[in-house]
There are 2 protein chains.
Amino acid sequence: MPPFEVPEGDPFGPHNLPYGVFSLPSGGAGAPGDDGSDSDGSGSGSGGSERRIGVRLGDHVLDAGAAARALGSPYAALLAQPTLNPLLAAGRTAWSDVRRALTAWVTVPSHRETIEPLFHPLSAVTLHLPFEVADYVDFYASENHARNVGKIFRPDAADSLTPNWKHLPIGYHGRSGTVVVSGTDVVRPSGQRKGPADPAPVFGPSVRLDIEAEVGFVVGVPSALGTPVALADFREHVFGLCLLNDWSARDIQAWEYVPLGPFLGKSFATSVSAWITPLEALDAARVAPPERTHPLLPYLDDATGADGPGGYDLRISVAVNGHVVSEPPFSTMYWTAAQQLAQMTVNGASLRTGDLYGSGTVSGAEPGQRGSLLELTWNGQEPLELPDGKRAFLEDGDVVTLSAWAPGPDGTRVGLGDVTGRVVTG
Amino acid sequence: MPPFEVPEGDPFGPHNLPYGVFSLPSGGAGAPGDDGSDSDGSGSGSGGSERRIGVRLGDHVLDAGAAARALGSPYAALLAQPTLNPLLAAGRTAWSDVRRALTAWVTVPSHRETIEPLFHPLSAVTLHLPFEVADYVDFYASENHARNVGKIFRPDAADSLTPNWKHLPIGYHGRSGTVVVSGTDVVRPSGQRKGPADPAPVFGPSVRLDIEAEVGFVVGVPSALGTPVALADFREHVFGLCLLNDWSARDIQAWEYVPLGPFLGKSFATSVSAWITPLEALDAARVAPPERTHPLLPYLDDATGADGPGGYDLRISVAVNGHVVSEPPFSTMYWTAAQQLAQMTVNGASLRTGDLYGSGTVSGAEPGQRGSLLELTWNGQEPLELPDGKRAFLEDGDVVTLSAWAPGPDGTRVGLGDVTGRVVTG
């Protein structure tokens, strides 16, 4: 089907238009319809043509820089780049202008003759990590997840939440150098673990490899060191979002994390979508977060809602080897992305273009809505029954795929880019 | 005194030659001896000429790229850069070759006429963050420090060390975007804190602002995702070291850090020296680490010493407003930098050029050797008596300076670049 004719109901229609970075196979001349693909469209393969910004429409990718040049857009320089970072840094007015222009290019019939040759089938391109990650922070914003983890690891505690949980969005820094694009294989990490009965730690490949289904937020506009970013300025700084799988080795994590937090149990890989969905595409998906049960300090208090609701109604799906094991609802997150940004900077920490922060594992109230195997199998005690066997934690060869959609304008659906990854032996 | 004539005993003599990045004041033509300084030589000021790599000799800076060009060095392109990153990435052979060349340039009399005009007085240049920080990790490798902190915060625990402490170097990721060069003011951070008697958290500027005297290690050569770096490969990857002040807001940290570790209590600023000392300059300072009291897993076991001793005899000094309050000996660190690198990558996490990792607070066995005010004042209970008054924690206007030297060849001393910072109100 030609790129312009996206089927009605396609979650990647002209109301969506997420951004990514792609290259064409080695020797590909950049013409559309090349069929020498060296990729399934989700890999991080090297080689091939120069990287360039692409915008997804249905199952095609528009070469955004080439389109901008062809149509004499003032944003041609911003779009003819090997990474999204310059666009991220350009700020909210530019983001809106570019999005408006792109919408016109892919919908106005008079552009069709110019634009159509600049599309490539998704199956014919290699997708890359779409931006250079500056700092990576991971939060812990689902009350259901935090309570589940508390019950599993601290069964005797009076409250499954730590005392600070309802007062601030808890977060910590992760390793930005190991953020990888969807499709990248994940090597099972080795490390130390020590069970309660072990006299000393043992070394070996993790035997409790897990996923965490999250949403990642991508910072565009930096902030000055020493100056907090207010709740209401969220949309001035954050460009968009994507799915994120915060792979976790539970056995490594359990032994190492007291007192300074997760380190090697997380730092081996964090997978993100190849497509960054601009916040503007998700305006129809904004919803109020859950009712706050504790009063909030002013810098976190979004009760006035002056900036509109802070939550997003994203319906996530987690599949192992193609079998859906969970459907976590992002609308249940207690802390919003705006509150997380305010928290992250309230001490004066600066933002940089390309900062990425994860929401924390998304878990709904129901057992079938939990965003990690740790919770789904209750620490391995209740293995999942998959068509290809039982799973307490991930086995080598398992392919995990996160997908999601959100309500769009006029009854449409806005799809987020999948995050997929296969577990391989080290 | 002319740059070539460094006084005997100067810790920045031709046996040292640390690398930094400098610029000249606005309008400065780059000629030596300009006296229009807009800086005390330690600031992070903007403006002025382009940034360039400098090598320190005594109280002068050699324009390394200009010297390489003037002498037709094959390393001219590597040295004519605004940051050390390309040199860091060039690898051990290049590091040795460049150091050998620089040593010749500043010591062989026949070069004097060519080289001397390419020196600038330290007082006439602005020093910048010398490399782009990729990921920043902070360790916790001093047994004295870990025991002191354990006794202060967990007085009822049977052991002041957590069970994992003697089995692996504990670490966590910090915020690389807020690593700043020596001389940068540190804005007192605000945040939530909650004392045991407070019914709810309160918000405000930290009232327990502290320092942590550490040594930072700078990674040059990257590693591949999925492939651990062995202990013996430390010197293939790590270029050099510097002093590091891991500023810490103890009240913010205490309320936030369970269960995911330090976050805003640390992320507002981390100061590093303007000068990176290459490991080669410190060969005479290598010493065996303390005897290991617990058997180590093979990937951390440096008992064979095949690669030489893993510790460094660095004599650190901590001064508040010019008054020395502590002299922490780096030789007492239980875990070595090579062990930390092996730990950081044992799960397959990759290294990037510009990765920075801190040793953790350096504290010796004696009270006058503790590397934080938390320990020096025993959580504020025993304030320090300074000439300008008592100090439990830092007050606005306080200037903290870390300095250090190590034994060099033939009885010389190798100086590390100072790390200084002034506390200012937000």
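The rules behind the values
- Residues numbered from 1 in each chain as written.
- Chains lettered and ligands numbered in written order.
- Predicted model: local features only at pLDDT ≥ 70, side-chain atom pairs only at ≥ 80, totals over all residues.
- Heavy atoms only, no water.
- Pairing = 2+ DSSP bridges.
- Helix = DSSP H or I, 4+ residues; strand = E, 2+ residues; numbered from the N terminus.
- Axes fitted to C-alpha atoms, helices over the stretch in contact; angles between N-to-C directions.
- Contact = heavy atoms within 4.5 Å.
- UniProt positions renumbered as here; feature names shortened; annotations may be inferred.
- Buried < 20%, exposed > 50% of the residue type's maximum accessible area, 1.4 Å probe, protein only.
- Buried area = accessible area lost by both parts, 1.4 Å probe.
- Salt bridge = Lys/Arg side-chain N within 4 Å of Asp/Glu carboxyl O.
- Polar contact = N/O pair within 3.5 Å; in protein donor to acceptor, adjacent residues only side chain to side chain.
- Least-squares fit on C-alpha atoms with pLDDT ≥ 70 in both.
- Core = buried A, V, L, I, M, F, W, Y, C linked by side-chain atoms within 4.5 Å.
- Phe/Tyr/Trp six-rings, centres within 6.5 Å; stacked < 30°, edge-to-face > 60°.
- Lys NZ or Arg CZ within 6 Å of the ring centre and 35° of its normal.

**Notes on the sheet that holds strand β3 (residues 60–63) of chain B**
Residue and element names in this part refer to chain B. Ordered by their spatial adjacency, 5 strands build an open sheet running β4-β3-β2-β1-β5, and the pairing between neighbours is antiparallel. Two strands close off the open sheet at either side, each with one partner strand: β4 (119–121) and β5 (126–128). On average, each strand axis in the sheet is tilted by 45° relative to the strand beside it, whichever way the strands run. Where strand β2 (residues 52–57) meets β3, 4 bridges bridge the pair, whose relative direction is antiparallel. Paired with Gly 54 across the strands is Asp 63, a residue of β3. Those strands touched by helix α4 (residues 92–107) are β1 (19–23), β2, β3 and β4, and its axis lies near 65° from that of β1.

**What about the UniProt feature "domain: Fumarylacetoacetase-like C-terminal" (unreviewed entry) in chain A?**
The UniProt feature table records "domain: Fumarylacetoacetase-like C-terminal" (unreviewed entry) at residues 137–423 of chain A. The span residues 137–423 of chain A shows a helical share of 12% and a strand share of 30%, and its end C-alpha atoms are spaced 23 Å apart.

**Observations regarding the pairing of strand β20 (residues 315–320) of chain B**
Residues and elements named next belong to chain B. Of all 6 residues that make up β20, 5 are buried, and the element is covered over most of its length. Where β20 lies against strand β25 (residues 399–407), 6 bridges are found, and the strand directions are antiparallel. Across the sheet, residue Ile 316 finds its bridge partner in β25, namely Ala 404. Direction of pairing for β20 relative to strand β21 (residues 323–326): antiparallel, over a ladder of 3 bridges. Residue pairing for β21: Ala 319 is matched across the bridge by Val 324. The turn linking β20 back onto β21 is made up of 2 residues, and Asn 321 within it adopts a positive phi angle of 50°.

**Here we look at the UniProt feature "binding site: Ca(2+)" (unreviewed entry) in chain A**
All names here are of chain A. With numbering aligned to this structure, UniProt lists the feature "binding site: Ca(2+)" (unreviewed entry) at Asp 138, Glu 212, Glu 214 and Asp 246. Across 109 residues of sequence, these annotated residues stay compact in space, with a maximum C-alpha separation of 10.9 Å. Take Glu 212: it is sitting in the loop between β12 (209–210) and β13 (213–219). The exposure class assigned to Glu 212 is buried, which follows from its relative accessible area of 4%. Those residues within four positions of Glu 212 in sequence are excluded, and the remaining contacts are Asp 138, His 145, Leu 244, Asn 245, Asp 246, Ser 248, Arg 250, Lys 266, Thr 361 and Gly 371. For Glu 214, the location among the structural elements is in strand β13. Classification of Glu 214 as buried rests on a relative accessible area of 1%.

**A word on the interface of chain A and chain B**
Taken together, the 54 residues of chain A in the interface contact 54 residues of chain B. With both sides pooled, the region where chain A packs onto chain B buries about 5000 Å², and carbon together with sulfur makes up 63% of that total. Our count for the chain A to chain B interface comes out at 2 salt bridges. Counting across the chain A and chain B interface gives 24 residue pairs in polar contact (both at pLDDT 80 or more). Contributions of two or more residues to the side of chain A that touches chain B are made by β6 (136–139), β7 (171–174), β10 (190–193), β11 (202–205), α8 (250–256) and α9 (337–345) of chain A. Broken down by element, the residue count for the side of chain A that touches chain B peaks at 4 residues, all from β7 of chain A.

**Notes on the relation of the copies chain A and chain B**
Two chain copies here: they are related by a rotation about an axis and a translation along the same axis. Mapping chain A onto chain B calls for a screw motion: a turn of 180° about the axis and a shift of 0.0 Å along it, with 0.0 Å RMSD after fitting. What the superposition gives is, in effect, a two-fold axis relating one chain to the other. Taking the C-alpha atom as reference, chain A places Gly 261 of chain A closest to the rotation axis, 2.0 Å from it. Taken together, the interface assignments show that 100% of the residues at the interface of chain A recur at the interface of chain B, consistent with an identical surface on both copies.

**Observations concerning the nonpolar core**
Grouped together as the largest cluster of nonpolar side chains are 150 residues, with contacts concentrated most on Phe 234 and Tyr 357 of chain A together with Phe 234 and Tyr 357 of chain B. With residues near it in sequence (within four places) discarded, Phe 234 of chain B still touches Phe 217, Leu 279, Tyr 312, Ala 337, Ala 338, Leu 341 and Tyr 357 of chain B.

**Thoughts on the packing of aromatic side chains**
Enumeration over the complete set of coordinates arrives at 20 aromatic pairs over all chains. Taken together, a centroid distance of 5.4 Å and an interplanar angle of 80° make the contact between Tyr 334 of chain B and Trp 335 of chain B edge-to-face. Assigned by exposure class, Tyr 334 of chain B and Trp 335 of chain B land together as buried. Taken together, Phe 139, Phe 217, Phe 234, Phe 330 and Tyr 357 of chain A together with Phe 263 of chain B form an aromatic cluster joined through their ring pairs. The residue whose ring lies beneath Arg 292 of chain A is Trp 335 of chain A, and the NZ or CZ to ring-centre distance is 6.0 Å. Here Arg 56 of chain B stacks its cationic end above the ring of Phe 12 of chain B, 3.6 Å away from the centre of that ring.

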